[in-house]
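A look at the structure
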Amino acid sequence: MLKRAFLPVLFATTLLPAQAAAQEAVADEEFMAEMEWRSIGPANMAGRVTDIEGIPGTGTFFIAGASSGIWKTTNNGTTYRPVFDNERVVSMGDMAIAPSNPDIVWAGTGEEDSRNSISPGGGIYKSVDGGLTWELKGLEDTQAIGRVVVHPTKADWVYVAALGHPWGDNEERGLYRTKDGGDTWERINFVSDKAGFVDVDMHPQNPDILWATSWERVRGPYFFNSGGPGSAIWKSTDAGDTWEKVEGNGLPETMLGRLEIAIAPSYPQVMYAMVEAEAPEEADEDGTVTPPVCTAPPTAARRGSS
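Cut-offs and rules
Residues numbered from 1 in each chain as written. Predicted model: local features only at pLDDT ≥ 70, side-chain atom pairs only at ≥ 80, totals over all residues. Heavy atoms only, no water. Helix = DSSP H or I, 4+ residues; strand = E, 2+ residues; numbered from the N terminus. Buried < 20%, exposed > 50% of the residue type's maximum accessible area, 1.4 Å probe, protein only. Contact = heavy atoms within 4.5 Å. Polar contact = N/O pair within 3.5 Å; in protein donor to acceptor, adjacent residues only side chain to side chain. Pairing = 2+ DSSP bridges. pLDDT = per-residue confidence, 0-100.

A few words on the environment of Ser 214. Following the sequence through the fold, Ser 214 ends up in strand E15 (residues 210-219). Look at Ser 214 and you get buried, because its relative accessible area is 0%. What Ser 214 contacts, discounting residues up to four positions off in sequence, is Val 191, Gly 196, Phe 197, Gly 230, Ser 231, Ala 232, Trp 234 and Leu 259. At a separation of 3.0 Å, a polar atom in the side chain of Ser 214 contacts the side chain of Trp 234.

Pairing in this open sheet of four strands is antiparallel, and the strands run E2-E3-E4-E5 from one edge to the other. Only two strands of the sheet have a single partner each, and these edge strands are strand E2 (49-54) and strand E5 (81-82). In this structure, strand E3 (residues 61-65) lies alongside strand E4 (residues 70-73), joined through four bridges in antiparallel fashion. In the strand pairing of E4, Ala 64 is matched with Ile 70.

Predicted confidence across the chain gives a mean pLDDT of 80, with 74% of residues reaching 70 or more. Taken as a whole, residues 1-25 scores under 50 in pLDDT and shows 71 contacts with residues more than four places along the chain or in a different chain. Counted against residues more than four places away or in other chains, residues 278-284, with its pLDDT under 50, gives 14 contacts.

The structure is reproduced here in structure tokens:
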């Protein structure tokens, strides 16, 4: 029987001395020992939290729920108010705030966590007044949006990773881009009607360099198939005009499941990819698989390189 394992993939291995020292300075065990997690609401939200987005330096942030719309706080979580009640969907996938204009907020609807209890979304919405009002900006038939990324200086440039229908094949899935604030969209990467995109990330110093992950999956009432030839990591060095599949360097070659990307903001040469993969039948008797650490050579690890 096939078993799933989450495989962390490391795309660089060395830290500069100054950065290593900074990491050690932050890791104050005594200080962290006093930190405790506590719930700060919203109390009646219910369900899973799919995203949290905030405006740096303020007490304002948004919480997107899997089945409860969007909540906003302007006082560091002391009180919340729902700001998405007038729209026709409540299932949220991901949100993004334009770095160059925090009044512009994007909401991609449709939870991408493919449980059998998910609700479909109805496209991507845009607010230009900090979440007070919303306008539907298309992509209605994607049903699930995994990630929304806004260009750091061009507020009208937005990338959307659209996962697509969870219960079957559909054409409107893939990686989308708008250059006019959502008035028109172009699909800049498409794998198949079975595989959509679940993540896209941008180089923190060069927005022309993008990474994205596609995911082939289908949900059924009593089964969930995750992985297949459509699952992959992709890279673009021209703002999404062209894409190249990332292969080798220790990545599993077959049956990749969901992939997520994270980039170290202060040290963008380091990229992590979390890979949900199928463990082969010859795994250990207890089903465990030792997660490998995959190291890419400098040409693949340094996101500023071609």
